[in-house]
Amino acid sequence: MFGISELAILLIVLVLVFGAKKLPELARNAGKAARILKSEAKAMKKDDATSATPPTKPSGAFRVRPGGGSTDTP
């Protein structure tokens, strides 16, 4: 990955580009974005897990005829 010297150079460049006053705000916003991304990914996994269960069988109270009409008898 990155060594200490590369991280130090990256930090110096960030301070020069954004300024020391903006860095805490940028870090806070990046943390919020990462938290939102993590929660959305977790929600998607949960939705996938619930959709993987077999669907329930319809009650059969009404049956649709090929002509478009319906009857009360199954």
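Engineer: What is the right way to look at the overall build of the protein in this model?
Structural biologist: Per the secondary structure count, the protein includes two helices and two strands. Counting from the amino terminus, the protein carries its helices and strands in the arrangement α-α-β-β. A total of 74 residues make up the protein; the buried ones form 1% of that total. Of the accessible surface of the protein, which amounts to about 7,100 Å², a share of 67% is contributed by carbon and sulfur atoms.

Engineer: Got a minute to help me understand a nonpolar patch on the surface in this structure?
Structural biologist: Taken together, the side chains of Met1, Phe2, Leu7, Ile9, Leu10, Ile12, Val13, Leu14, Leu16, Val17, Phe18 and Leu26 make up a nonpolar region of the molecular surface, amounting to roughly 1,300 Å² of accessible area. Summarising the element assignment, Ile12 is placed in helix 1 (residues 4–18). Residue classification places Ile12 among the exposed positions, given a relative accessible area of 52%.

Engineer: What should I look at first to understand the confidence of the model for the protein in this one?
Structural biologist: Any region with low pLDDT has predicted coordinates that should not be read closely. On average, the protein scores 80 in pLDDT, and the residues at 70 or more come to 69%. In the model of the protein, strand 2 (residues 70–71) stands out as the element of lowest mean pLDDT, 54, in contrast to helix 2 (residues 23–51), which has the highest, 90.

Conventions used here
Residues numbered from 1 in each chain as written. Predicted model: local features only at pLDDT ≥ 70, side-chain atom pairs only at ≥ 80, totals over all residues. Heavy atoms only, no water. Helix = DSSP H or I, 4+ residues; strand = E, 2+ residues; numbered from the N terminus. Buried < 20%, exposed > 50% of the residue type's maximum accessible area, 1.4 Å probe, protein only. Areas by Shrake-Rupley, 256 points an atom, 1.4 Å probe, with all protein chains shown as cover. Patch = residues over 30% accessible without salt bridge, like charges linked within 9 Å, V, L, I, M, F, W, Y side chains within 5 Å. Salt bridge = Lys/Arg side-chain N within 4 Å of Asp/Glu carboxyl O. pLDDT = per-residue confidence, 0-100.

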